[in-house]
2 protein chains.
Amino acid sequence: MVTLKDISRDVGLSITQVSRALGGHTDVNAATRERVQLAATRLGYRPNAIARSLKTGRSGIVAMIVAGSRDPDSNAHLFEIVMGLSAEISALGLQFVLHVGQPGADVVKLHTELYRSGGIDGFVIIGPSPADPRIKCLTDLGAPFIVHGRDPEQPHPFVDIDNFDVGRTMADHLLSLGHRRIAFLNGPLSEFFAIQRQRGVDAAFAAHGLSVDPALMRSITMIEPQGRSAARDLLQLDNPPTAIIAGNTMIARGVYHAAADAGVSIPGDLSVLAHDDGLELFPAAGFEPPLGGTSAHLSAAWISLSADLKQIIAASKTPMHNRILDLTFDKGSATQSILVDRSMPVGP
Amino acid sequence: MVTLKDISRDVGLSITQVSRALGGHTDVNAATRERVQLAATRLGYRPNAIARSLKTGRSGIVAMIVAGSRDPDSNAHLFEIVMGLSAEISALGLQFVLHVGQPGADVVKLHTELYRSGGIDGFVIIGPSPADPRIKCLTDLGAPFIVHGRDPEQPHPFVDIDNFDVGRTMADHLLSLGHRRIAFLNGPLSEFFAIQRQRGVDAAFAAHGLSVDPALMRSITMIEPQGRSAARDLLQLDNPPTAIIAGNTMIARGVYHAAADAGVSIPGDLSVLAHDDGLELFPAAGFEPPLGGTSAHLSAAWISLSADLKQIIAASKTPMHNRILDLTFDKGSATQSILVDRSMPVGP
DNA sequence: CTGAAAGCGCTTACAG
DNA sequence: CTGAAAGCGCTTACAG
């Protein structure tokens, strides 16, 4: 490995001066600087990241720790998160450590030990639950971190979208078209984003002087098979919904399949909207008829998240750096007006 | 941050002795050792990974660098690779850095710079192409690494399966049942594993005194949509295949869909086999009728790969550490015998 | 069994 | 504009 000492010997200058020349300091003779830089290039010098870290107290490494899981469901989403995040973090000149724990590992302990061992500048937290122990732990440690999403129970830096608005916007559109029997295939209510979306849906109904039918509100794992079976269920009701709001495009795909299976036509018999995270593997674009709904690309979140985390690390005193990303809405094929509520009590 | 100095002050011993006590050296008084360990636990001491790295010349970090890609196709597989690899590497007490480059980034340069900067002990290379520049680069650098798969043009440590046997086994089974018009939906022939599988298929035909119909050998991107369209194509031939070998379960899913679309019954009209990588997101288990074929779980590869890489790093002189993992075969629903070749020239 | 010293490769006051 | 020195936190001969 080529070190400053090698260059120093090569050009006949002190290590100090070589360091300064390479570091771009002003108090170095221009000719000297050039001579040093040439030698560094010729010898293939790369500053030793370890030594620099020890001196500066910063490693340039950020980590994400995820609990291991034999459950592919919970992983489907994770893929795009990991790839997108890594790409953005790498682009910022930082290294991204992905630590996949053993199933059942103590994630809080992993964060603590990794941080205490001094090699990690900061952390990314995804999928926070209310009163998330990881957030509490990192806050107590004074470790820099940023959260994708929000924990309503404790203050922390985050990047998120307005999930209340997600639910409200889609429900409002359908209500405005005259739909009354609207189902919502929401994510797990243990997570704040799902709670907020439900609140948004509730609020849209309230704004129309109505209230939701609890039997049409479902909380499911957000993947295609679950969406399909939940939709099959809904379509078999005596009084089936005329519209379904899906929490993401994977659920929506399940809804499309279930509708086809049941001989229910979209958008003729059933309007479908979904929130679109802009996932590459599960694009909203492939649907026939077109899938409408709210949209906020996760890729934008990774860019913000990485940049904000870098700044938080540099600031060293964690600022409450919050950011709400934009949301767009497209009605897709959900343009079917319903003049009279089709739903009527059905006699036995 | 708690350092040796803090413990040293706390217990009234030299830093040297504290280090030895914690390091589990024998030449330390048992009572002293206990006292030191207690203090370390009480103060929440974790050895500073950076300092240790600088001293020992080893960071405990291994990296995988993948070219960024806006193409989801190439990513589908990567997910399970990344998660599985990270889990195994983490389990071994190493850190796993995932570096996703910008689209079009110079991957060789990234490896070089990352290694030269001294923070990385070794690398994992996946999906090698013949005469792979990454392998050449790391070999030249003298950097420890291991490859999943093989580059036939240069020697290097690897973990792989016998892909010749994959092709040979599946083709032989079908030939033995009497099938003659056998299609093969293979992966890209730019990769050695696909070349080997083709050779295996060729060899099985040769062993039966036959040779393949080049029109039935297809090289495609190994995902469902491509498998589906390739299979649709094959089933529309004047003289369609009676059996299809799929390179993986995603392709097989496409074949099942295409068969359903075309009204072709499996296994009545068409036998299907596939190689199964044991992917969680694309399980071979969900098929109806059951999907047979060769099988080698990637999860086993990650375990071997991680353990071997750790050993290579420790040895510091890269040994040619090669490993061929086991393959199993199950015929699934592909039990349909064909007494006479159904294929006959069809007049215009 | 214990401690003082050197050194991993770098950065950065401090002194010239 | 340049250099000698200290120090980041650790490990490890070397000497007692």
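Conventions adopted
- Residues numbered from 1 in each chain as written.
- Chains lettered and ligands numbered in written order.
- Predicted model: local features only at pLDDT ≥ 70, side-chain atom pairs only at ≥ 80, totals over all residues.
- Heavy atoms only, no water.
- Helix = DSSP H or I, 4+ residues; strand = E, 2+ residues; numbered from the N terminus.
- Rg over C-alpha atoms; globule rule 2.2 N^0.38 Å.
- Buried < 20%, exposed > 50% of the residue type's maximum accessible area, 1.4 Å probe, protein only.
- Contact = heavy atoms within 4.5 Å.
- Areas by Shrake-Rupley, 256 points an atom, 1.4 Å probe, with all protein chains shown as cover.
- Phe/Tyr/Trp six-rings, centres within 6.5 Å; stacked < 30°, edge-to-face > 60°.
- Lys NZ or Arg CZ within 6 Å of the ring centre and 35° of its normal.
- Buried area = accessible area lost by both parts, 1.4 Å probe.
- Salt bridge = Lys/Arg side-chain N within 4 Å of Asp/Glu carboxyl O.
- Polar contact = N/O pair within 3.5 Å; in protein donor to acceptor, adjacent residues only side chain to side chain.
- Core = buried A, V, L, I, M, F, W, Y, C linked by side-chain atoms within 4.5 Å.
- Near = heavy atom within 4 Å.
- Nonpolar A, V, L, I, M, F, W, Y, C, P; charged D, E, K, R; others polar.
- Pairing = 2+ DSSP bridges.
- Axes fitted to C-alpha atoms, helices over the stretch in contact; angles between N-to-C directions.
- Domains from an automatic or database assignment.
- Least-squares fit on C-alpha atoms with pLDDT ≥ 70 in both.

If you check an unreviewed UniProt entry, chain A appears there as Transcriptional regulator, LacI family from Loktanella salsilacus.

### Here's the deal with the overall build of chain A
Each helix and strand counted, chain A has twelve helices and twelve strands in total. The C-alpha atoms of chain A give 26 Å as radius of gyration, which overshoots the globular expectation for 348 residues (20 Å, by more than 25%). With respect to the three principal axes, the spread of C-alpha positions in chain A is 95 × 35 × 35 Å. The buried share among the 348 residues of chain A stands at 49%. Look at the contacts in chain A between residues 6 or more apart in sequence, and 67% of them connect residues 24 or more apart. When the accessible surface of chain A is totalled, it reaches about 15300 Å², and 53% of it is carbon and sulfur.

### Details of the packing of aromatic side chains
Residue and element names in this part refer to chain A. Per the counting criterion, the structure on display carries four aromatic pairs over all chains. Measuring from centroid to centroid gives 4.8 Å for Tyr256 and Phe287, while their planes differ by 75°, and the two rings are edge-to-face. Taken as a pair, Tyr256 in helix α11 (residues 249–262) and Phe287 in the loop between β9 (271–274) and β10 (293–295) lie far apart in primary sequence, 31 residues in all. No difference in accessibility class separates Tyr256 from Phe287, as the two residues are buried. Cation over ring: Arg253 sits above Phe287, and NZ or CZ is 4.3 Å from the ring centre.

### What about the interface of chain A and chain B?
How big an interface is tends to be expressed through the accessible area that disappears when the partners come together. The interface of chain A with chain B comprises 42 residues on the first partner and 42 residues on the second. Taking both partners together, chain A and chain B bury about 3700 Å²; carbon and sulfur atoms supply 64% of that area. Three residues, Arg46, Ile50 and Glu280 of chain A, lead the burial of chain A against chain B; their summed loss comes to 17% of the area buried on that side. The interface formed by chain A and chain B contains two salt bridges. Its salt-bridge partner being Arg46 of chain A, residue Glu113 of chain B comes within 3.5 Å of it at the nearest N-O pair. Linking chain A with chain B are ten residue pairs in polar contact (both at pLDDT 80 or more). Secondary-structure elements contributing two or more residues to the side of chain A that touches chain B are α4 (49–56), β1 (61–68), α5 (72–91), β2 (95–103) and α6 (107–116) of chain A.

### Brief notes about the nonpolar core
Formed by 141 residues in total, the largest nonpolar core has its most connected members in Met64 of chain A together with Met64 of chain B. With residues up to four places along the chain from it excluded, the contact list for Met64 of chain B reads Ile81, Val82, Leu85, Phe96, Val97, Leu98, His99, Val124 and Ile126 of chain B. The next biggest cluster of nonpolar side chains, apart from the first, holds 30 residues, and it includes Phe123 and Leu138 of chain A together with Ile61 and Phe123 of chain B.

### Description of the protein's contact with DNA strand D
Taken together, 23 residues lie around DNA strand D, and Thr16, Arg20 and Lys55 of chain A together with Leu4 and Tyr45 of chain B are the ones closest in. Of all atoms in DNA strand D that approach within 4 Å of the protein, 55% are sugar or phosphate atoms. Between DNA strand D and Asn48 of chain B there is a distance of 3.2 Å, counted from a phosphate oxygen to a backbone nitrogen or oxygen. Only α2 (15–22) and α4 of chain A together with α2 (15–22) and α4 (49–56) of chain B provide two or more residues apiece to the surface near DNA strand D. Looking at the surface near DNA strand D element by element, the count peaks at four residues for α2 of chain B. Of the residues contributing to the surface near DNA strand D, the split by class is seven nonpolar, ten polar and six charged.

### Some remarks on the side chain of His275 of chain B
Residue and element names in this part refer to chain B. In this structure, His275 sits in the loop between β9 (271–274) and β10 (293–295). A distance of 3.5 Å separates the side chain of His275 from the side chain of Asp277, its partner in a polar contact. Only 2.7 Å separates the side chain of His275 from the side chain of Thr294, close enough to count as a polar contact. When sequence neighbours within four positions are dropped, the list of residues in contact with His275 reads Ile161, Val166, Met170, Arg197, Ala246, Gly247, Asn248, Thr249, Thr294, Ser295, Ala296 and Leu327.

### Structural notes on the sheet that holds strand β6 (residues 182–186) of chain A
Residues and elements named next belong to chain A. The strand order β7-β6-β8-β9 describes an open sheet built from four strands, whose pairing is parallel. Each edge of the sheet is formed by a strand with only one pairing partner; in this case those strands are β7 (217–219) and β9. Between one strand axis and the next, the sheet turns by 15° as a mean value, whatever way the strands run. By the bridge criterion, four bridges tie strand β8 (residues 243–246) to β9 in an arrangement that is parallel.

### Some words on unusual backbone geometry
A cis amide bond links Ile266 of chain B to the next residue, Pro267 of chain B, at an omega of 5°. Backbone geometry places Ala131 of chain A, a non-glycine residue, at a positive phi of 60°. You can see Ala131 of chain A is positioned in the loop between β3 (122–126) and α7 (133–141). Judged by its relative accessible area of 43%, Ala131 of chain A is partly exposed.

### With respect to the domain arrangement of chain A
Structurally, chain A comprises domain 1 (4–47), domain 2 (61–161 + 300–326) and domain 3 (163–295). For domain 1 of chain A and domain 2 of chain A, the distance between their C-alpha centroids amounts to 38 Å.

### Overview of the pairing of strand β8 (residues 243–246) of chain B
All names here are of chain B. Of the two faces of β8, both are covered, the one formed by Ala243 and Ile245 as well as the one formed by Ile244 and Ala246. Note that strand β6 (residues 182–186) and β8 share four bridges and pair parallel. If you follow Ala183 over to β8, its bridge partner there is Ile244.

### Let's talk about the relation of the copies chain A and chain B
By a simple turn and slide, chain A fits onto chain B: the slide is 0.0 Å along the axis, the RMSD is 0.0 Å, and the turn is 180°. Both chain copies can therefore be described as sitting about a two-fold axis. If distances are taken from each C-alpha of chain A to the rotation axis, the shortest is found for Val97 of chain A, at 2.2 Å. Looking at the interface residues of chain A, 100% of them are also at the interface in chain B, so both copies use one shared face.

### Looking at the protein's contact with DNA strand C
Surveying the vicinity of DNA strand C reveals 22 residues, the closest of which are Leu4 and Tyr45 of chain A together with Thr16, Arg20 and Lys55 of chain B. Considering DNA strand C, the proportion of its atoms within 4 Å of the protein that are sugar or phosphate atoms stands at 55%. At 3.3 Å, a backbone N or O of Ala51 of chain A approaches a base nitrogen of DNA strand C. In this structure, a base nitrogen belonging to DNA strand C sits 2.7 Å away from a side-chain N or O atom of Arg20 of chain B. Among the elements that take part in the surface near DNA strand C, α2 of chain A stands out by supplying four residues, more than any other. Among the residues making up the surface near DNA strand C, the classes are represented as seven nonpolar, nine polar and six charged.

### Re the environment of Arg9 of chain A
Residues and elements named next belong to chain A. Among the structural elements, Arg9 can be located in helix α1 (residues 4–11). A relative accessible area of 59% places Arg9 in the exposed class. Sequence-wise, Arg9 and Val82 are 73 residues apart; in three dimensions their C-alpha atoms are separated by 44 Å.

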